[in-house]
Amino acid sequence: MIQIESLASTHLREVLALADGAFGGNYLTREAVMPYIDHPDRAAWVALAGHSVAGFLLARLAAPDPSWPDGPVVPGVRAGILQTIAVAPGYMRQGIGTALTRHFASDLAGRCKVCFSVCWERDDAPFMRILDRAGWKPVKRLPGYWAEDSLRQGYSCAQCGGPPCTCVAVIYQSGISVNP
Ligand SMILES: CC(C)(COP(=O)(O)OP(=O)(O)OC[C@H]1O[C@@H](n2cnc3c(N)ncnc32)[C@H](O)[C@@H]1OP(=O)(O)O)[C@@H](O)C(=O)NCCC(=O)NCCS
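Residues numbered from 1 in each chain as written. Predicted model: local features only at pLDDT ≥ 70, side-chain atom pairs only at ≥ 80, totals over all residues.

## Section: the overall build of the chain
Each helix and strand counted, the chain has five helices and seven strands in total. Reading the helices (α) and strands (β) of the chain from amino to carboxyl end gives β-α-α-β-β-β-α-β-α-β-α-β. A principal-axis box enclosing the C-alpha atoms of the chain has dimensions of 45 × 35 × 30 Å. (Helix = DSSP H or I, 4+ residues; strand = E, 2+ residues; numbered from the N terminus.)

## A closer look at the site of the ligand
Near the ligand, the surroundings consist of 17 residues, among which Met-92, Arg-93, Gly-95, Gly-97 and Thr-98 are the closest. If you list the elements that add at least two residues to the shell around the ligand, you get strand E4 (79-87), helix H3 (96-108), strand E5 (114-120) and helix H4 (126-133). Take the shell around the ligand: its biggest share by element is four residues, from H4. Within the shell around the ligand, the residues separate by chemical class into eleven nonpolar, four polar and two charged. (Near = placed C-beta within 6 Å. Nonpolar A, V, L, I, M, F, W, Y, C, P; charged D, E, K, R; others polar.)

## Observations regarding the sheet that holds E4
One open sheet accounts for seven strands, arranged E1-E2-E3-E4-E5-E7-E6; its pairing is mixed. The sheet terminates laterally at strand E1 (2-6) and strand E6 (137-143), the two strands that pair on one side only. Each neighbouring strand pair of the sheet contributes to a mean axis angle of 25 degrees, computed without reference to strand direction. In the sheet, E6 pairs with strand E7 (residues 168-175) via six bridges, with the strands oriented antiparallel. Following the sheet pairing, Lys-137 is matched in E7 by Gln-173. Strands in contact with H3 are E1, strand E2 (42-49), strand E3 (52-62), E4 and E5; relative to E3, the strand with the most contacts, it is inclined by about 30 degrees. The strands touched by H4 within the sheet are E4, E5 and E7, with E5 carrying the most contacts at an inclination of about 155 degrees. (Pairing = 2+ DSSP bridges. Axes fitted to C-alpha atoms, helices over the stretch in contact; angles between N-to-C directions. Contact = placed C-beta atoms within 7 Å.)

## Observations regarding the pairing of E4
Burial of E4 is extensive: eight of the nine residues sit out of reach of the surface. Bridge analysis of E3 against E4 gives eight bridges, and the strand direction is antiparallel. Looking at E4, one finds that Arg-60 is bridged to Ile-81. Looking at chain direction, E4 and E5 are connected through four bridges and run parallel. Among the inter-strand pairings, Gly-80 is bridged to a residue of E5, identified as Cys-115. (Buried ≥ 20, exposed ≤ 12 C-beta atoms within 10 Å, placed from the backbone.)

## Brief notes about the packing of H3 against H4
Where H3 contacts H4, the two axes come as close as 10 Å, and the packing angle between them is 50 degrees. The orientation of H3 relative to H4 falls into the category oblique. For the pair H3 and H4, the crossing hand works out as right-handed. Packed against H3, whose contacting residues are Gly-97, Thr-98 and Thr-101, the element H4 presents Pro-126, Phe-127 and Ile-130 at the interface. Across the contact of H3 with H4, the residue classes break down as three nonpolar, three polar and no charged. (Parallel < 35°, antiparallel > 145°, perpendicular 65-115°, else oblique. Left-handed = near helix turned anticlockwise from the far one by under 90°.)

Here you go:
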């Protein structure tokens, strides 16, 4: 039985270990994740299997990057941005990623009209399929999206082996258009 709860500091160790395996060592650090706990413009949830962290999702409320939406951005519009999601290998393909994505959408639905997600483009991209099934639309393809971050943070990408990370990001949009 999986339970979704807000991220707490007691989950950090497991969340960081999960992120190291999913994205590459040092992609997420304690300093980067701590601000998601009890922050008005950020949100983070863990999926718990008993007391173990089986998955997590990090999100924030912010103005979208102007290059993302399919059309001009209304000044001042705030979006729900699904930044990072991962499920531990032993818990994959049981619906946890789908449940975390739904939780994000229902939590932020009342707080913003549009959501974006930065997805990793991969041959086997279960997260893109989760978003496709939930009605999200791909609006932008951004090669080298993580290149600078990977060099600055010095993390080794679990997919391409960088730095520099040569992976391609696909921006997905959900909710109303942000065109004026
Ligand atoms: C992307 C990710 C979070 C998906 O998590 P997940 O919990 O496995 O996702 P779900 O179980 O909801 O769905 C994944 C697949 O399992 C299937 N599934 C869901 N419930 C299932 C069940 N009870 N039994 C069997 N399969 C099931 C889904 O249909 C889906 O299949 P498909 O991809 O062939 O369409 C996970 O693969 C992951 O952590 N990947 C590495 C990190 C990553 O890529 N994150 C996204 C970065 S942008």
